[in-house]
Protein chains: 2
Amino acid sequence: MLSQAEENYLKAILKLSQKNGQSVSTNAIAEELNTKASSVSDMMKKLSEKSWIHYVKYQGVSLTEKGHSFAVHIVRKHRLWEVFLVNHLNFKLDEVHDIAEQLEHIKSLELVNKLDAFLNFPSFDPHGDPIPNEEGEFPKSSAIPFSELPMKSRGKVVAVVMDEPSFLKYLDKLNISIGSQVEIIEVNEFDDSFDVKINDKQSHISFDVAKNILISLL
Amino acid sequence: MLSQAEENYLKAILKLSQKNGQSVSTNAIAEELNTKASSVSDMMKKLSEKSWIHYVKYQGVSLTEKGHSFAVHIVRKHRLWEVFLVNHLNFKLDEVHDIAEQLEHIKSLELVNKLDAFLNFPSFDPHGDPIPNEEGEFPKSSAIPFSELPMKSRGKVVAVVMDEPSFLKYLDKLNISIGSQVEIIEVNEFDDSFDVKINDKQSHISFDVAKNILISLL
DNA sequence: AATAATTTTTAGACTTATCTAAATTAATAT
DNA sequence: ATATTAATTTAGATAAGTCTAAAAATTATT
Ligand SMILES: [Mn+2]
Ligand SMILES: [Mn+2]
Ligand SMILES: [Mn+2]
Ligand SMILES: [Mn+2]
């Protein structure tokens, strides 16, 4: 069974390899985890012996298939807990990361899947990051949060992340429902809100609302 | 900040001193935690230096005030998580302990209190064990689960642990509400169910129902 | 291609938590 | 009161994870 430290290393390697592609350097991992390069070297040797990563001295590391799917599983747990904390315990967006950083290490497959069901199988976390399903598959990339819709492009609402009645009621008021056509007209920098078109009618929505609406590009 | 190991030791000491009163022996702790007496001795020295326990060599240990209230806090977390797992994630009674054993170590006062509120400030966990409040006070002992009402004695329903609509509806059908007079007539060993009187009318309830109804003795 | 700068690894030390085996203290029985 | 037994502590090892400082390898620069 993986230690908490080992899990954090795997997650860091996943994050860095997703960002920069190819193999990940010792220094990059050290920086990501606020530790020293020498500690990373030690750990890489260990993870490599256990076949979680491919490691050639001085050449950087990459995840094995086994390592990759485990790292994805930790990310899944992290993001599901964040959904719980924000949607059900009323935490603010900026308060949940550190707690999820701990909760992601709780070991119980049943717990993860029951939590997933309880949350209604969300596809994105409160920060708009995609949540892999039980099989480790990320939601189809065609669905993105409204808040990340490219300028000028049009999209169709395909899902809603949050299931709070008050939120759904508010969407109703905004005339947003599954299937609505949407488009971002302008981003207001100072509060991250958006001037938008909903079914060709001009409207205005906050970032908090936009990130909870999933769009498929047209 | 306490390590997970230290927290488990404090909790074990609390549990043993609640059961047997007075000071707790090295061997008792070792057995409770499935470890060796020598490991316990080492840890006692450490906890004592940090003022979590009173420790005199060969004389056993007891919690300091600080140690006691911290241990109670861990118990609080453990039991609140158990309520969440059973009432909201549909875990069975026997499946939650090991998971709560991990969750109890998550560090965030805000999390505990928000969870408490989300669960509606329950007084007992799914096993019928009392849950201390934020101040570390256990629910007044006059309230006990129906399932622990002594034979022949009568009691009054003062609270309901579970807040599931389906459960409340079922209580309604059984004619049980706050203030109802209840009495246990007989315990059916093979399924732990009870023959009872509710407002002097004979009825039958399962253990699962009985443990979620809080009684104050008349 | 040789040198300098940077990155990475190794060597050695430290902390936490655990163990086995031996020594010590306390409790019990003669 | 001694001797025996049981409980507890100490001594010495080990494993995980981290660190600093030094050595080695790689990369960049002249
Ligand atoms: Mn973490
Ligand atoms: Mn997130
Ligand atoms: Mn525990
Ligand atoms: Mn319990």
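Only a predicted model underlies this, so the values are computations on that prediction, with no experimental measurement involved.

Asker: Tell me about the protein's contact with DNA strand D, and name the residues and values.
Answerer: For DNA strand D, the set of nearby residues contains 21 residues, the closest of which are Ser3 and Lys46 of chain A together with Ser41, Tyr55 and Lys57 of chain B. Taking all atoms of DNA strand D within 4 Å of the protein, the share assigned to sugar and phosphate is 73%. One nitrogen or oxygen atom from the side chain of Tyr9 of chain A is found 3.3 Å from a phosphate oxygen belonging to DNA strand D. Listing elements by their share of the surface near DNA strand D, those giving two or more residues are helix H1 (4–20) and helix H3 (37–49) of chain A together with helix H2 (26–32) and helix H3 (37–49) of chain B. Element by element, the count of residues in the surface near DNA strand D is highest for H3 of chain A, at five residues. Across the surface near DNA strand D, the residue classes tally to seven nonpolar, nine polar and five charged.

Asker: Account for the pattern of salt bridges, naming residues and giving values.
Answerer: All names here are of chain A. What the rule picks out here adds up to 19 salt bridges over all chains. Between Arg154 and Asp200 there is a salt bridge whose closest N-O contact spans 2.5 Å. Within this pair, whereas Arg154 is found in strand E4 (residues 154–160), its partner Asp200 is found in the loop between strand E6 (193–198) and strand E7 (201–205), the two being separated by 46 residues in sequence. With a closest N to O distance of 2.9 Å, Lys211 and Asp208 form a salt bridge. Accessibility expressed as a relative area gives 5% for Lys211, which makes it buried. It is possible to trace a salt-bridge network through shared partners that takes in Lys11, Glu101 and Glu104.

Asker: Tell me about the pairing of E7 of chain A, and name the residues and values.
Answerer: All names here are of chain A. Here five bridges tie E6 to E7, and the two strands are oriented antiparallel to one another. Note that in E7 the partner of Val196 across the bridge is Ser203. As consecutive antiparallel partners, E6 and E7 are separated by two residues, and within that stretch Asn199 has a phi angle of approximately 50°, a positive value.

Asker: Could you give an account of the pairing of E4 of chain A, with specific residues and numbers?
Answerer: Regular strands show a simple pattern: their side chains alternate between the two faces of the sheet. Residues and elements named next belong to chain A. In terms of strand pairing, E4 meets strand E5 (residues 181–188) through three bridges, oriented antiparallel. The residue bridging Lys156 from the neighbouring strand is Gln181, located in E5. Pairing of E4 with strand E8 (residues 213–217) involves five bridges; the strand directions are antiparallel. Following the sheet pairing, Ala159 is matched in E8 by Leu214.

Asker: Can you tell me about the packing of H1 of chain A against helix H4 (residues 65–87) of chain A, naming the residues and giving the values?
Answerer: A pair of packed helices is characterised by two quantities: the angle between their axes and the separation of those axes. Residue and element names in this part refer to chain A. It is the contact of H1 with H4, at a shortest axis distance of 9 Å, that shows an interaxial angle of 95°. When the axes of H1 and H4 are compared, the pair comes out roughly perpendicular. On H4, the residues touching Glu7, Leu10, Lys11 and Leu14 of H1 are Gly67, His68, Phe70, Ala71, Val72, Ile74, Val75 and His78. For the contact of H1 with H4, a count of residues per class yields seven nonpolar, three polar and two charged.

Asker: Quick one: what's the story with the interface of chain A and chain B, residue by residue and with numbers?
Answerer: Interfaces are often described in size by the accessible area the parts lose on coming together. Listed as interface residues are 20 residues of chain A and, on the opposing side, 20 residues of chain B. Summing both partners gives a buried area of about 1700 Å² for chain A against chain B, and 70% of it is carried by carbon and sulfur. When residues of chain A are sorted by the area they lose upon contact with chain B, Leu89, Gln102 and Lys114 of chain A head the list and together hold 29% of the total. Counting across the chain A and chain B interface gives zero salt bridges. Between the two partners, chain A and chain B, sit four residue pairs in polar contact (both at pLDDT 80 or more).

Asker: For the relation of the copies chain A and chain B, give the residues involved together with the corresponding values.
Answerer: After a rotation of 179° and a shift along the axis of 0.0 Å, chain A superposes on chain B with an RMSD of 0.2 Å. This pairing of chains is accounted for by a two-fold axis. Residue Leu103 of chain A of chain A places its C-alpha closer to the rotation axis than any other residue of that unit, at 3.7 Å. By residue overlap, the copies meet face to face through one surface: 100% of the interface positions of chain A are interface positions in chain B.

Asker: Could you give an account of the coordination of the manganese ion (ligand 1), naming the residues involved and the relevant values?
Answerer: Residue and element names in this part refer to chain A. The protein atoms that coordinate the manganese ion (ligand 1) are Asn8 (OD1), Glu101 (O), Glu101 (OE), Glu104 (OE) and His105 (NE2), at distances of 2.1 to 2.7 Å. Here the donor residues for the manganese ion (ligand 1) map to a single chain with the spacing N-x92-E-x2-E-H. Overall, Glu104 belongs to the buried group, its relative accessible area being 0%.

Asker: Kindly report on the protein's contact with DNA strand C, identifying the contributing residues and their values.
Answerer: Taken together, 21 residues surround DNA strand C, and among them Ser41, Tyr55 and Lys57 of chain A together with Ser3 and Lys46 of chain B come closest. Of everything in DNA strand C that lies within 4 Å of the protein, sugar and phosphate atoms constitute 72%. Between Thr26 of chain A and DNA strand C, the recorded distance is 2.9 Å, taken from a side-chain N or O atom to a phosphate oxygen. Side-chain polar atom of Lys57 of chain A to a phosphate oxygen of DNA strand C: 2.4 Å apart, as the coordinates give it. When contributions to the surface near DNA strand C are tallied by element, the ones reaching two or more residues are helix H2 (26–32) and H3 of chain A together with helix H1 (4–20) and H3 of chain B. The dominant element in the surface near DNA strand C, judged by the number of residues it contributes, is H3 of chain B, at five residues. Taken together, the residues of the surface near DNA strand C sort by class into seven nonpolar, nine polar and five charged.

Definitions and cut-offs
Residues numbered from 1 in each chain as written. Chains lettered and ligands numbered in written order. Predicted model: local features only at pLDDT ≥ 70, side-chain atom pairs only at ≥ 80, totals over all residues. Heavy atoms only, no water. Near = heavy atom within 4 Å. Polar contact = N/O pair within 3.5 Å; in protein donor to acceptor, adjacent residues only side chain to side chain. Helix = DSSP H or I, 4+ residues; strand = E, 2+ residues; numbered from the N terminus. Nonpolar A, V, L, I, M, F, W, Y, C, P; charged D, E, K, R; others polar. Salt bridge = Lys/Arg side-chain N within 4 Å of Asp/Glu carboxyl O. Buried < 20%, exposed > 50% of the residue type's maximum accessible area, 1.4 Å probe, protein only. Pairing = 2+ DSSP bridges. Axes fitted to C-alpha atoms, helices over the stretch in contact; angles between N-to-C directions. Parallel < 35°, antiparallel > 145°, perpendicular 65-115°, else oblique. Contact = heavy atoms within 4.5 Å. Buried area = accessible area lost by both parts, 1.4 Å probe. Least-squares fit on C-alpha atoms with pLDDT ≥ 70 in both. Donors = N, O, S within 2.8 Å, 3.2 Å for Na, K, Ca; no water.

From the geometry alone we can't say anything about function, so treat these as descriptive.
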